Structures are given as structure tokens and as C-alpha cells.
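# Inside the fold
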Amino acid sequence: MMINIVRRDPFDELLRGFFVQPVGLQQNTDKRDLPVEIRESTEAFELSAELTGVRKEDIEVQIDGKVLSISAERKASPLREGERLLRSEFGYGKLSRSFQLSQEIDEAQAQARYNDGVLTLLLPKKAVAQARRLTVQ
């Protein structure tokens, strides 16, 4: 019989997802986190998030200025009558990540696509307001 010992930090789990992490900073991640790849061009950000085993109905994306938040839930499939679960190494539960981007996102033009367990977000940048000089009359 094999016993798996997992180190948990309850305080870390309590705070997970409550703070916004700037994109450029490194952070410690583990396999429970929602892995992402973020690319930037002059016009937009493109984010890909691995959400294997999540139904698209269970994914939520929120945009608030420069802050992008993704949350999802992996649900276990119920056992059928007469079945018993011998071993499960899949992770289930709620996942969430938040990012502070370097520029505000144009929410009206943002697009989300979910295919083969990967969520892809195309997030156009809002046009930066140009300073305007007023003529004194």
C-alpha cells in the first residue's frame, strides 16, 4: 500500500486568488494553479490558459480596466451505480487567477475562444488618450 503525503499551507490556500499579480513578476506555482501564457503586441494581449477537463459553461472571465480575472471549476463525473473509484489523480475544484496588465483592455472588442481544453483570450488594448492643448481665448 502506497501512502501519498502532500505538504499543504492552509494560509497560502486561503489567500490564493485574492491578490492581483503583475504579469512581469515571478511567482511560485504548483500543479493546482491555472497555467497561462500571455503574449503582448502593440495592439493587444493574447492569453492562453490550460483548462483541461473544464466545461466552457464553467469558465468566467472578468475585465476591469487593467485587471483580468479568470475563474473556472473542474467537476468530477459522478459514479454510476455499481461503480467504485479505485484511484483518482485528477484535480477538481475551483481555479482562479488574476493579472494586472500594463494597459487597459477594450472590453467591447475582447474575444474568448475555448477549444481542446485551452481558453484563448484576445484582449485589444484601449487607445491611450492623447493630451490636448486648449487655446486660451
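Residues numbered from 1 in each chain as written. Predicted model: local features only at pLDDT ≥ 70, side-chain atom pairs only at ≥ 80, totals over all residues. Heavy atoms only, no water.

### Here's the deal with the overall build of the chain
We count it as follows: Numbered from the N terminus, helices here are DSSP runs of H or I no shorter than four residues, and strands are runs of E no shorter than two. Burial here depends on accessible area, computed with a 1.4 Å probe over protein chains only, as a share of the maximum for the residue type. Under 20% is buried, over 50% is exposed, and the range in between is partly exposed. Throughout, a residue-residue contact means that at least one pair of heavy atoms, one from each residue, lies within 4.5 Å. Each accessible area is a Shrake-Rupley estimate made with a 1.4 Å probe; only the visible protein chains count as cover when residues are assessed.
Check the secondary structure of the chain and you find one helix and eight strands. N-terminal to C-terminal, the α/β element order of the chain is α-β-β-β-β-β-β-β-β. The proportion of buried residues among the 137 residues of the chain is 20%. Looking at the chain alone, contacts between residues at least 24 apart form 54% of all its contacts between residues at least 6 apart. By element, 49% of the accessible surface of the chain is carried by carbon and sulfur atoms, the whole surface being about 11500 Å².

### Section: the confidence of the model for the chain
Counted only if it meets this: What pLDDT expresses is the predictor's confidence in each residue, scored from 0 to 100.
On average, the chain scores 81 in pLDDT, and the residues at 70 or more come to 75%. In the predicted structure, residues 23-32 sits below a pLDDT of 50 and forms twelve contacts with residues beyond four places in sequence or in another chain.

### Overview of the pattern of salt bridges
Definition in use: Salt bridges, as used here, are contacts in which a Lys or Arg side-chain nitrogen is within 4 Å of a carboxyl oxygen on Asp or Glu.
One pass over the structure, following the stated rule, counts nine salt bridges. R55 is the salt-bridge partner of D58, the closest N and O atoms lying 3.3 Å from each other. D58 gets classed as buried once you look at its relative accessible area, which sits at 15%. Between K126 and E107 there is a salt bridge, with its nearest N and O atoms 3.7 Å apart. Here E107 lies in the loop between β6 (93-100) and β7 (111-115) and K126 lies in the segment after β8 (118-124), a separation of 19 residues in the sequence.

### So, the side chain of S98
How we decide: Counted as a polar contact is a pair of N or O atoms within 3.5 Å, where, for protein atoms, one must be capable of donating a hydrogen and the other of accepting one, and residues adjacent in sequence contribute only when both atoms are in side chains.
Mapped onto the elements of the fold, S98 is located in strand β6. Taking the relative accessible area as the measure of exposure, S98 reaches 14% and is therefore buried. A polar contact of 3.0 Å, which involves the side chain of S98, links it to the side chain of S69.

### Things to note about the side chain of R74
The condition is simple: Asp and Glu count as negative and Lys and Arg as positive, but His and the ends of the chain are not part of the count.
Its place among the elements puts R74 in strand β5 (residues 67-74). One buried charged residue, R74, forms no salt bridge at all, with the nearest opposite charge on E50 at 5.5 Å. Separated by 2.6 Å, the side chain of R74 and the backbone oxygen of T52 make a polar contact.

### Observations concerning the nonpolar core
Defined as follows: The nonpolar core is taken to be a set of buried Ala, Val, Leu, Ile, Met, Phe, Trp, Tyr and Cys residues, with the residues joined through side-chain atoms within 4.5 Å.
The biggest cluster of nonpolar side chains holds 17 residues, and the ones touching the most others in it are L47, L51, L68, L119, L121 and L123. Residue assignment for this core shows that the elements contributing at least two residues are β3 (44-50), β5, β6 and β8. With residues near it in sequence (within four places) discarded, L119 still touches L47, S48, A49, L51, I59, V61, I70, A112, R113 and Y114.

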